[in-house]
Amino acid sequence: MILKIKRLTTQIFSTLLANLGNIGIKTGFCYPFFYCHACPAAIAGCPLGTIERGVYRGNFRWRLILYPLMIIGFIGIIYGRAVCGWMCPIGLLQRATGGVARKLRHQYAFIKKIGQHKIEKHLRYTKYLLLTGLVVGTTAILGFMFTDICPIGFLTGSVPILILSPGKFTENIFFYPAMIISILFIILILTVERGWCRYLCPVGAMLAPFNRISVFHIFVDKSRCIGCQRCSDVCPMGIDVPNMERDPECILCGKCIEACPYNVIEFKRN
Amino acid sequence: MKKIIAIQITIFVLTSGTLMGLFLYHNIYDEVQLKIVSVLCLSCIKLNPKTHIQFIFQTANHKAHPDFVLENLTKGPLFIYYTQDACHGCEIMDPIIKDVFNINFDKKSFFYKTVFLYNSNITFIHINLDHSPSEMTNSLFIYDKDHVGGVPMFVVVTLGYDFDVVKPYYTSAYGTLDLDTYEERKEALADMILDGIELYKQNQAGFRIEER
């Protein structure tokens, strides 16, 4: 319970910090998580937007590519994907929708099947495709950016701008495609717990490999594990916790630690 | 275990060293702050600002008109075109601007030229925020009349009569001007320029730089 409250507090604090642009603070940092700098309250740059500017139409500006990568690398090597579980505002949103997703999973068999289908594991590679294809590839070759249809940009940038400045803007050609994608995003996170983090988040794709080598990670003492699967049941990322070893999908939320009746799962630092 | 620790230390040193280098030698902090966080690519926010062509005296951030504007204002009105490298809207507007002014410029550079248009001298200034001097890039916030904070942005600076004093008088327009076709956009820009020329002709006799 204490861990749950600690995590909620950190997430709320981090979300408030990410929105200090409200009081006029605009920094030159990049977020280490997914958040849009078009948000009227944003305090830093979106890492994906910055990379896109660094590769736009093949005009490589290495410092704009390196900067967000190094910020993510610096945090990733210490905390791995804990950023997703403890800091990301979109993670906080999915924490709020997670309860609905869990209820739906228990009520409707087909939703449960989605999460257990054999292709589910492979769907998790979609986020790497999005990162390399839509964030880097199409931006470098065609100039079409992920930003143009980004659901997070739509929900945290376009919508607040429209609300705060009524009558000042009209929709451009990307507005309605982005709106449809945003609706699909909401449906996804309401039906699959942490669906965005699991399958689609390009920033999660950048952080995920660091789980293999990060200082902080989750350790399961397999010799003492009785295989009750309570940890896997509560895992928002749908990981087979007893058999995981530095899993790239783990967001270090610690739900499995709290659920384990024999305390065989713990945060570890090396 | 030792191998992992070695990798951790290597990546930690590499990332922190590169970040330090970027901060110290490439001014990356200011670049991201001024060109990404503070200035939006309007096509990226999936919105078009509605443009109201209305000339005003008060600058958007209450700062004085920059010197490069005042110096050129003695020759005729100014047209300033603000762009960025990664900007879909700028790619739509570039050919229209070139057509209106009958000029050619590299979209990735700072460019300025005094052209003879509609029987008047008009100074055209192209400010690509990614490749222009800071005095030029900071002027975006001076002329961001509607506080949109995005590119492409078009500014006409001319002269206006304000309580016995002739002062710089300007208007701004944004994005693809909330219009759909090449011709409509070209016509809107031409109207904006013609208004600027007309105002300049009416007031140029009374203009003194020191009275700005």
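Quick caveat, the model's predicted, so the values are computed rather than measured.

## Some points on the overall build of chain B
Along the backbone of chain B there are 6 helices and 8 strands. Each helix and strand of chain B, placed in order from N terminus to C terminus, yields the pattern α-α-β-β-α-β-α-β-β-α-β-β-β-α. Referenced to the eigenvectors of the C-alpha coordinate spread, the extents of chain B come out at roughly 80 × 40 × 30 Å. Residue burial in chain B is summarised as follows: out of 212 residues, 53% are buried. Long-range pairs, those at least 24 residues apart, make up 68% of the contacts in chain B with a sequence separation of at least 6. In the structure as shown, chain B presents an accessible area of about 9,500 Å², 54% of it carried by carbon and sulfur atoms. Side chains of chain B carry 18 positive and 25 negative charges; the gap between the two charge centres is 8 Å.

## Some remarks on the pairing of strand S5 (residues 120-128) of chain B
Residue and element names in this part refer to chain B. Among the 9 residues of S5, 8 are classified as buried, and the element is accordingly described as predominantly covered. As defined by bridge partners, strand S3 (residues 78-83) adjoins S5 across 6 bridges and the pair is classed as parallel. Residue pairing for S5: Leu 78 is matched across the bridge by Thr 123. Where strand S4 (residues 111-117) lies against S5, 7 bridges are found, and the strand directions are antiparallel. Directly across from Val 115, in S5, lies its bridge partner Ile 122. Joining the antiparallel neighbours S4 and S5 is a turn of 2 residues, in which Tyr 118 adopts a positive phi near 50°.

## Some points on the nonpolar core
A:Phe34, A:Leu48, A:Phe146, A:Trp196, A:Val241 and A:Ile265 are the most contacted members of the largest nonpolar core, which totals 71 residues. Per-element accounting of this core gives the leading share, 8 residues, to helix H3 (residues 62-79) of chain A. What A:Phe146 contacts, discounting residues up to four positions off in sequence, is A:Phe34, A:Leu48, A:Glu52, A:Leu130, A:Leu134, A:Val135, A:Thr139, A:Pro151, A:Trp196 and A:Pro202. Counting residues in each nonpolar core, the second largest holds 63 residues, with B:Cys87, B:Ile142, B:Val156 and B:Ala173 among its members.

## Description of the state of the cysteines
As used in these notes, a disulfide is a covalent bond between sulfur atoms, one from each of two cysteines. All names here are of chain A. Here the structure, examined in full by the defined rule, presents 1 disulfide over all chains. Counting only cysteine sulfurs, Cys 256 is the nearest neighbor of Cys 250, a cysteine outside any disulfide, at a range of 6.2 Å. You can call Cys 250 buried: its relative accessible area is 9%.

## Remarks on helix H5 (residues 134-143) of chain B
Those residues of H5(B) lying buried are B:Met136, B:Thr137, B:Ser139, B:Leu140, B:Ile142 and B:Tyr143. Buried positions along H5(B) lie against helix H3 (67-73), S3, S5, strand S6 (150-151), strand S7 (153-162) and strand S8 (165-174) of chain B.

## Re the domain arrangement of chain B
Under the domain assignment, chain B is made up of domain 1 (1-38) and domain 2 (67-206). On a C-alpha basis, the centroid separation for the pair domain 1 of chain B and domain 2 of chain B is 38 Å.

What counts and what doesn't
Residues numbered from 1 in each chain as written. Chains lettered and ligands numbered in written order. Predicted model: local features only at pLDDT ≥ 70, side-chain atom pairs only at ≥ 80, totals over all residues. Heavy atoms only, no water. Helix = DSSP H or I, 4+ residues; strand = E, 2+ residues; numbered from the N terminus. Buried < 20%, exposed > 50% of the residue type's maximum accessible area, 1.4 Å probe, protein only. Contact = heavy atoms within 4.5 Å. Areas by Shrake-Rupley, 256 points an atom, 1.4 Å probe, with all protein chains shown as cover. Lys, Arg positive; Asp, Glu negative; His and termini not counted. Charge placed at Lys NZ, Arg CZ, Asp CG, Glu CD. Pairing = 2+ DSSP bridges. Core = buried A, V, L, I, M, F, W, Y, C linked by side-chain atoms within 4.5 Å. Disulfide = S-S within 2.5 Å. Domains from an automatic or database assignment.

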